[in-house]
Each structure stands twice: as structure tokens, then as C-alpha cells.
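Fold and geometry: a report
Listed below are the residues making up each chain.
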Amino acid sequence: MKYKNGAYYQGEWKLGMKNGRGTMVYASGNFYDGDWKDNKRNGEGMMMWKTTQEKYTGHWDDGFQSGFGTHIWLESSGENKLLRNRYVGYWKDGLRHGKGVFYYSNGSKYEGEWVKNLKHGFGIFTFEDGTTYEGPF
């Protein structure tokens, strides 16, 4: 299906709604490839935000990142960097929520609990020089 704004969807349908496997390319150039249910991203899939240079691969519920997944913040220019901001862990309603590890581009990392995108509870923060803090956040 092609939309007037230039977006298009190619994939499976059920009762006039996106259901099953499919790819949606939005007018912005952002795209999603994965599972759909009732016109929403549901199940496993990959979303690439060309506008903000981000990529998420993992589970979706009702259009939001939920369950386990990996989110990477890419850079729009420069050489390929080995280190980028990256989160690997659990999500709820599009926010980091549950156990997860955030890898910072400077080499630091946080391993622990998250609630609504904030570090919460016990965690371990490893600074770029290798020193660590273990305790409550």
C-alpha cells in the first residue's frame, strides 16, 4: 500500500489491517521491518530511525519497544566507530525498564535495574578508567 505522503507498506494484511510480517517505510525515511498486529508493531522487529540515526532490534507490544531488545545510537558522520551508545536489556512502553546494560561511547557502562528510562535500584557503574561503583541508584 502506498500512502499520499510517500510512505508505503509491503506485507501481510488481515481484515484491512497490517497483520503478520511486513515492512513500513515512513515519509521521513524511517522504517520498520517485523511483526504486526492490528496495525501496530507487535512481536519481533527492527526499527531504523534515519532522522535521529538510531536502531532498535527486539520485541514490540502495541507499537512500543517492550520486552528484550537492543537499541543503538548511531552517528551520522565520521569513520565507523567501534564504541557507540548502546542499551541491551528490557523495555516497557518504549522506555528502558527492568534489567539492562547501557554501554556509553566513552567506554563506561551501567549494569543494573531501570525504571522508566532511569537507573533505579542496585547497579554497577564502570567508569572509563575501569574504576567501579556498586550500590543503589
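Refer to the structure presented above.
Below is a summary of the structure that appears in this document. All values reported here derive from a predicted model rather than from experimental measurement. (Residues numbered from 1 in each chain as written. Predicted model: local features only at pLDDT ≥ 70, side-chain atom pairs only at ≥ 80, totals over all residues. Heavy atoms only, no water.)

**Re the overall build of the chain**
Condition: Counting from the N terminus, the helices are the DSSP runs of H or I reaching at least four residues and the strands are the DSSP runs of E reaching at least two. Buried means the residue's accessible area, taken with a 1.4 Å probe over protein chains only, is under 20% of the maximum for its type, while exposed means over 50%, and partly exposed covers the values in between. The criterion used for residue contact is that any of the two residues' heavy atoms lie within 4.5 Å. Shrake-Rupley sampling with a 1.4 Å probe provides the accessible areas, and residues are treated as covered by the protein chains on show and by no other component. Neither His nor the chain ends contribute to the count of charged residues, in which Lys and Arg are positive and Asp and Glu negative. Where a charge sits is defined by one atom per residue type, namely NZ (Lys), CZ (Arg), CG (Asp) or CD (Glu).
In terms of helices and strands, the chain carries zero helices and 11 strands. Across the chain, helices and strands are ordered from the amino to the carboxyl terminus as β-β-β-β-β-β-β-β-β-β-β. With respect to the principal axes defined by its C-alpha atoms, the chain has extents near 55 × 35 × 20 Å. Taken across its 137 residues, the chain has 31% of its residues classed as buried. Counted over contacts in the chain with a minimum sequence separation of 6, partners at least 24 positions apart contribute 7%. Carbon and sulfur atoms form 54% of the exposed surface of the chain, whose accessible area is close to 8500 Å². Distance between charge centroids for the chain: 6 Å, based on 19 positive and 16 negative side chains.

**A short note on the pairing of strand β3 (residues 31-37)**
Defined as follows: Strand pairing requires that DSSP identify at least two bridges connecting the strands.
Sheet topology note: the strand β2 (residues 17-25)/β3 ladder contains six bridges and is antiparallel. From the neighbouring strand, G22 faces β3, where its bridge partner is G34. Between the antiparallel neighbours β2 and β3 lie five residues, among them G29 with a positive phi of about 100°. As consecutive antiparallel partners, β3 and strand β4 (residues 40-49) are separated by two residues, and within that stretch D38 has a phi angle of approximately 55°, a positive value.

**Points about the pattern of salt bridges**
Definition in use: By definition here, a salt bridge exists when the distance from a side-chain nitrogen of Lys or Arg to a carboxyl oxygen of Asp or Glu is within 4 Å.
This structure, assessed with the given rule, holds four salt bridges. Here R21 and D33 are joined by a salt bridge, their closest N and O atoms 3.9 Å apart. Of this pair, R21 sits in strand β2 while D33 sits in strand β3, and the two are 12 residues apart along the sequence. Under the relative-accessibility criterion, R21 is labelled partly exposed at 41%. Overall, D33 belongs to the partly exposed group, its relative accessible area being 30%. Here R21 ties to D35 by a salt bridge, and the two come within 3.3 Å at their closest N and O atoms. Within this pair, whereas R21 is found in strand β2, its partner D35 is found in strand β3, the two being separated by 14 residues in sequence.

**Quick notes on the pairing of strand β1 (residues 8-14)**
Examined bridge by bridge, β1 and β2 share six bridges and lie antiparallel to one another. Opposite W13, over in β2, you have K18 as the bridge partner. The hairpin turn running from β1 into β2, its antiparallel successor, is two residues long, and L15 in that turn takes a positive phi close to 55°.

**Some points on the packing of aromatic side chains**
The condition is simple: A pair of Phe, Tyr and Trp rings is counted when the ring centres sit within 6.5 Å of each other, with Trp represented by its six-membered ring. The angle between the planes then sorts it: under 30 degrees is stacked, over 60 is edge-to-face, the rest tilted. Remark: a charge is flagged as sitting over a ring if the NZ atom of Lys or the CZ atom of Arg is within 6 Å of the ring centre and within 35 degrees of the ring normal.
On inspection of all chains with the given rule, the structure shows 17 aromatic pairs. Above the plane of the ring of Y32 lies R41, whose end atom (NZ or CZ) is 5.7 Å from the centre. In this arrangement the basic side chain of R86 is found over the ring face of Y103, its NZ or CZ atom lying 4.2 Å from the centre.

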